[in-house]
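Summary of structural features
Chain by chain, the residues:
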Amino acid sequence: MQKKWYEYQLILFDMDGTLYFQRPLQIHMGIKMLISCLKPSGFQELMIVLRFRKLRENWKDSANNPTSSSNIDEAQYRLLAMQTGLSSEEITQIIQKWIYQLPLQILMHYRDNQLTEILKKYHLHTQVAIYSDYPASEKCNALDLKHIPCFYGGQREISCLKPDPKGIQVIMNHYHITDPSSVLMIGDRFSKDGQAAIAAGTDYLILKKHRFQRNKQYKILLSE
């Protein structure tokens, strides 16, 4: 972060692990999944979710994948279906349930309240958006950030995941911004958010994972 926050034309926020604390949410959901393993289908669902998260984390380019598709989500569901023998519809239902739907019910408990207030303050004075590798609109609603624009890697016009810089570039074009140095990316992972920002030529700030470690960084974000 090379400037004062108000000197940027656009500030992008990552979602997962940034606007909420991801690790305690994962532990909470992990306990739910372990309990679900008491049911006949529970263990299979657990294995599908773990394989999906690993696939998502290591995804490079759908063009190099036997399920090549401009829709990353569909390509990943089809690949998991090929690997497991389940149908794409069954894979979709499991992922939607455990990755996208159930976490919404408890997401507010793990919100970074200070950071979301900072985001709302920024939103009054400059352009602010959320850029995530996962769909973020429903999470925004759950975190009381309904009016913040959301972009995610699975959108057709982006169709890539961080650290590919294309997503940042697409968002810059959306806001008619030509100078990368006027954009700030705020995230929690240098390997994803930081590397994407460097490749796109924008500034970045990587937040610490834990609440108490972020206090000094909040001062930076609020400095005037």
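Each remark here, short or long, concerns the structure printed above.
Residues numbered from 1 in each chain as written. Predicted model: local features only at pLDDT ≥ 70, side-chain atom pairs only at ≥ 80, totals over all residues. Heavy atoms only, no water.

On to the packing of aromatic side chains, then. For the structure shown, the criterion picks out seven aromatic pairs. Judged by centre distance (4.6 Å) and plane angle (20 degrees), the ring pair of Trp-5 and Tyr-122 falls under stacked. With Trp-5 in the segment before strand 1 (10-13) and Tyr-122 in helix 5 (residues 113-123), the pair connects residues that are 117 residues apart, well separated along the chain. An identical accessibility class is assigned to Trp-5 and Tyr-122; each is buried. On the numbers, 5.9 Å between centres and 55 degrees between planes, the contact of Phe-190 with Tyr-204 is tilted. You can see Phe-190 sitting in helix 8 (residues 190-200) and its partner Tyr-204 sitting in strand 5 (residues 203-206), a full 14 residues away along the chain. Overall, the relative accessible area of 37% leaves Phe-190 in the partly exposed class. Joined through ring pairs, the aromatic side chains of Trp-5, Tyr-6, Phe-13 and Tyr-122 make up one cluster. Directly above the aromatic system of Tyr-134 lies the positively charged group of Arg-56, at a separation of 4.7 Å from the ring centroid. Here the guanidinium or amino end of Lys-162 rests over the ring plane of Tyr-131, the centre of that ring lying 4.8 Å away. (Phe/Tyr/Trp six-rings, centres within 6.5 Å; stacked < 30°, edge-to-face > 60°. Helix = DSSP H or I, 4+ residues; strand = E, 2+ residues; numbered from the N terminus. Buried < 20%, exposed > 50% of the residue type's maximum accessible area, 1.4 Å probe, protein only. Lys NZ or Arg CZ within 6 Å of the ring centre and 35° of its normal.)

Before going further, it helps to spend a moment on the side chain of Arg-111. The residue Arg-111 is located in the loop between helix 4 (88-101) and helix 5 in this model. As a buried residue without a salt bridge, Arg-111 has its nearest oppositely charged side chain in Asp-144, at a separation of 4.6 Å. Aside from chain neighbours lying at most four places away, what touches Arg-111 is Leu-19, Tyr-20, Phe-21, Thr-116, Lys-120, Leu-143, Asp-144 and Arg-211. (Lys, Arg positive; Asp, Glu negative; His and termini not counted. Salt bridge = Lys/Arg side-chain N within 4 Å of Asp/Glu carboxyl O. Contact = heavy atoms within 4.5 Å.)

Before going further, it helps to examine the sheet that holds strand 2 (residues 127-132). Spatial strand order, 3-2-1-4-5: five strands in an open sheet with parallel pairing. Edge strands, defined here as strands with exactly one partner in the open sheet, are strand 3 (150-152) and strand 5. Pairwise comparison of adjacent strand axes, ignoring direction, gives a mean angle of 25 degrees for this sheet. Here three bridges tie strand 2 to strand 3, and the two strands are oriented parallel to one another. Counterpart to Tyr-131 in the pairing with strand 3 is Phe-151. (Pairing = 2+ DSSP bridges. Axes fitted to C-alpha atoms, helices over the stretch in contact; angles between N-to-C directions.)

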